[in-house]
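Coordinate analysis (summary)
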Amino acid sequence: MFNKILIGRFIPGHSLVHRLDARVKLIVSIAFIFVIFLATSWPSYLWASAFTLLVVMMTGLGLRVYLRGIRPLIYLMLFTTALQILFVTTGPIWWQWGWLKITEDGVVNGIAIFIRFLLIILISTVLTLTTAPLDLADAMEQLLQPLKKIGVPVAELALMLSIALRFIPTLLDEAEKIVNAQRARGVRFNEGNLLQRVKAFVPVLIPLFINAIKRAIELGDAMEARGYRGDVERTKYRQHHWQINDTVALLSFIIFSCALAWLRYIFG
Amino acid sequence: MAINFQEVGFTYQAGTPFASEGLHDVNFKIPLQQFTALIGHTGSGKSTTLQLLDGLTIPTVGKVEVLNQTLQADTLIKTTNQLREHVGLVFQFPEAQLFEDTVLADVMFGPLNFGASKTEAKQRAQEALRLVDLSAEFESQSPFDLSGGQMRRVAIAGVLALEPELLILDEPTAGLDPKGQADLMALFARLQQERHLTVVVVTHQMEFVAQYAQHVVVFEQGTVVKEGTPAEIFADSAWLRERQLDVPMVRQFTDLLTQKGVALTPTLDLDQLTDQIVAKIQGGRDV
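Worth saying up front: this structure is predicted, and the values here are computed from it rather than measured.

Turning our eyes to something else, we now look at the pairing of strand S7 (residues 166-170) of chain B. Residue and element names in this part refer to chain B. Buried residues dominate S7, accounting for 5 of its 5 residues. Alternating positions in S7 separate into two faces, Leu-166, Ile-168 and Asp-170 on one and Leu-167 and Leu-169 on the other, with burial throughout. By the bridge criterion, 4 bridges tie strand S6 (residues 87-90) to S7 in an arrangement that is parallel. By the bridge assignment for S7, Val-87 is matched with Leu-166. In this sheet, strand S8 (residues 198-202) lies alongside S7 in parallel orientation, the contact comprising 5 bridges. Bridging across to S8, Leu-167 finds its partner in Val-199. Once the chain exits S7 it traverses helix H6 (residues 178-195) before rejoining the sheet at S8, and the crossover so formed is right-handed.

Residues and elements named next belong to chain A. Partitioning chain A into structural domains gives domain 1 (1-153 + 241-268) and domain 2 (159-230). Domain 1 and domain 2 are separated by 30 Å when their C-alpha centres are compared. Every contact between the two is made by 7 residues of domain 1 and, on the other side, 10 residues of domain 2. There are 0 residue pairs in polar contact (both at pLDDT 80 or more) connecting domain 1 and domain 2. For the side of domain 1 that touches domain 2, the per-class residue count stands at 7 nonpolar, no polar and no charged.

Here the focus is the sheet that holds strand S3 (residues 35-40) of chain B. Residues and elements named next belong to chain B. Read from one edge of the open sheet, 6 strands run S6-S7-S8-S3-S9-S10, paired in mixed fashion. Looking at the sheet topology across the chains shown, the edges are occupied by S6 and strand S10 (223-228). The mean inter-strand angle of the sheet, taken between neighbouring strand axes irrespective of direction, is 15 degrees. For S3 and strand S9 (residues 215-220), the ladder comprises 5 bridges, and the chain directions are parallel. Of the residues in S9, the one forming a bridge with Ile-39 is Val-218. On the sheet, helix H5 (residues 148-160) packs against S6 and S7 and is oriented at approximately 165 degrees with respect to S6.

Another aspect to go through is the domain arrangement of chain B. Residue and element names in this part refer to chain B. Parsing chain B into structural domains produces domain 1 (1-86 + 165-176 + 191-245), domain 2 (99-163) and domain 3 (248-287). A C-alpha centroid distance of 26 Å is found between domain 1 and domain 2. Across the contact, 12 residues belong to domain 1 and 9 residues belong to domain 2. Of the roughly 850 Å² buried where domain 1 meets domain 2, counting both sides, 60% is carbon and sulfur surface.

Residues and elements named next belong to chain A. Mapped onto this numbering, the UniProt entry gives "transmembrane region" (unreviewed entry) at residues 20-39, 45-66, 73-95, 107-129 and 248-267. Within the segment residues 45-66, helix and strand shares are 82% and 0% respectively, and the terminal C-alpha atoms sit 19 Å apart. Split by type, residues 107-129 is 100% helix and 0% strand. Its first and last C-alpha atoms lie 32 Å apart.

Let us now look at a nonpolar patch on the surface. Residue and element names in this part refer to chain A. On the surface, Ile-30, Ile-33, Phe-34 and Phe-37 cluster together to form a nonpolar patch covering roughly 410 Å² of accessible area. Mapped onto the elements of the fold, Phe-34 is located in helix H2 (residues 22-35). Take Phe-34: its relative accessible area is 61%, and that puts it in the exposed class.

In this section: unusual backbone geometry. Residues and elements named next belong to chain B. The residue Leu-67 is not glycine, and still its phi comes out positive at about 45 degrees. With respect to the element layout, Leu-67 can be found in the loop between strand S4 (61-66) and strand S5 (69-72). Phi at Asn-68 takes a positive value of approximately 65 degrees, unusual for a residue other than glycine. As for its position among the elements, Asn-68 is in the loop between S4 and S5.

Residues and elements named next belong to chain B. One open sheet holds the 4 strands; their spatial order is S2-S1-S4-S5, and the pairing between them is antiparallel. The outermost strands of the open sheet, each flanked by one partner alone, are strand S2 (20-30) and S5. Between one strand axis and the next, the sheet turns through 25 degrees on average, direction left out of account. With 7 bridges joining them, strand S1 (residues 3-12) and S2 adopt antiparallel strand pairing. The residue of S2 that forms the bridge with Phe-5 is Phe-28.

As enumerated under the stated definition, the model contains 14 aromatic pairs over all chains in all. Their ring planes at 20 degrees and their centres at 6.3 Å tell us that Phe32(A) and Phe51(A) sit as a pair that is stacked. Taken together, the residues span a long stretch of sequence, with Phe32(A) in helix H2 and Phe51(A) in helix H3 (residues 42-58) at a distance of 19 residues. The pair Phe32(A) / Phe51(A) is uniform in exposure class, with both members buried. Each ring, one from Phe253(A) and one from Phe256(A), has its centre 5.9 Å from the other, and the planes form 35 degrees; the classification is tilted. Taken as a pair, Phe253(A) and Phe256(A) lie in helix H11 (residues 244-267) at a separation of 3 residues, close to a single helical turn. When sorted by exposure, Phe253(A) lands in the same class as Phe256(A), which is buried. Taken together, the ring pairs connect Phe32(A), Trp47(A), Phe51(A), Phe253(A) and Phe256(A) into an aromatic cluster. The ring of Phe167(A) has Arg166(A) sitting right over it, with the charged end atom 4.8 Å from the ring centre. Across the ring face of Trp239(B), the terminal group of Lys226(B) is positioned such that the distance to the ring centre comes to 4.1 Å.

Conventions adopted
- Residues numbered from 1 in each chain as written.
- Chains lettered and ligands numbered in written order.
- Predicted model: local features only at pLDDT ≥ 70, side-chain atom pairs only at ≥ 80, totals over all residues.
- Heavy atoms only, no water.
- Buried < 20%, exposed > 50% of the residue type's maximum accessible area, 1.4 Å probe, protein only.
- Helix = DSSP H or I, 4+ residues; strand = E, 2+ residues; numbered from the N terminus.
- Pairing = 2+ DSSP bridges.
- Right-handed = clockwise from strand over helix to strand, strands pointing away.
- Domains from an automatic or database assignment.
- Contact = heavy atoms within 4.5 Å.
- Polar contact = N/O pair within 3.5 Å; in protein donor to acceptor, adjacent residues only side chain to side chain.
- Nonpolar A, V, L, I, M, F, W, Y, C, P; charged D, E, K, R; others polar.
- Axes fitted to C-alpha atoms, helices over the stretch in contact; angles between N-to-C directions.
- Buried area = accessible area lost by both parts, 1.4 Å probe.
- UniProt positions renumbered as here; feature names shortened; annotations may be inferred.
- Patch = residues over 30% accessible without salt bridge, like charges linked within 9 Å, V, L, I, M, F, W, Y side chains within 5 Å.
- Areas by Shrake-Rupley, 256 points an atom, 1.4 Å probe, with all protein chains shown as cover.
- Salt bridge = Lys/Arg side-chain N within 4 Å of Asp/Glu carboxyl O.
- Phe/Tyr/Trp six-rings, centres within 6.5 Å; stacked < 30°, edge-to-face > 60°.
- Lys NZ or Arg CZ within 6 Å of the ring centre and 35° of its normal.

What follows is the structure in structure tokens.
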């Protein structure tokens, strides 16, 4: 039931993308969200799609894995697209019914938004699929390091993030176990009307929260018992080493972005 | 109709990169109205087998026959709900499933789900609570204020209140104190005797297996490697030790004596062993 959720899941591998420094992947994924807005014409969308597809192929995980990752978000994507199509009212009208009209600009905008959405999700999925959660948290901590100077508790934030990431699979397993236990007691999930379906989850959510809180208290106690303090300079077990591949990856992304900007300049 | 596994296989998350085999080529029978113990290492497929018995998961290959229903790959999971009405499944650490405000409400939850009236559910819940030795004063308490052992018993009562024909328990005594463990196992054996239930227990405690089980099924690496009576299973202690399974104390003691040249008839019963030893000692004196 919960094992279809791919968000935040890491699949170990040895591809070039897997081996890149988590910092590069994080920077590129975040930068991509902004850079994609440079795409305004079909050639530039084609270029951005080609880049994304290349990265996806390079992870060596197969397209099916990604399609499964997109599936839970498809409604959000379609909803956003539908909003664009219905509420952009400039340009030649294709269809009209009362105050509802579908215009050429709306459809073009809708498709553009859909592609943007899709590409951003794909690139983010590449990040989470190929980067171990703890590496990701480390990378975030290192990139946020400058903020320490203005009093942001970077180490604590990173710890919170890595604990949260670490416990996603645990909580999913536990949720599955509780779901099964309640099914054994006659609860029917995914049956009946919306209200019944929502109500069916109460017997799952309550134990899940209680156990999560218990676990958090235990974890806190265990950390304190071992003398953990967040505010001291600590060294890392895993060291990140910037390698030539990382420079190449970053340069490739910069070239991709420049090309995108150039396409915008040419095609408007 | 006995409970029957035929060539059963189960793959977790089949068709995804996380696919992993849970069971393969599983063949065994669970006799009705008997006490059956499933033993084997952690990860040997016992818990998956229990979920198949309750129709919570459907085998990827082969078929499972349980209480007049046949489960196989094309069985719709929705149709297994009626099976669950007759099967009570107690998961490992079942106290994690408690959620209601009061103990009574939590135990009534199952019967209500299966369509019992409020009065009937209440009566069944109270009966189940008495069975697990929780008096009326607990009924209005919050399950979260109880001790771990009491929570366990509330959770078990929640399943007993379903009045199942087939009662399945996954390591019901794990983490309890010795007395709590013995009490619970004795309760399951008593229920089996008095109500003619079919009881299936997964356990690592061979003492209980030797004491109560009538049928034993041994799991190893996702399949069944041996089944038989406790006497048959525990006859070969070397085979069990190879699989890092415990051998009951009585059997260990007999083995040690046999090694020292004392000829004894194998038994799993402490009294029988004592009688034999006493007879030997007296026999020695007479000579």
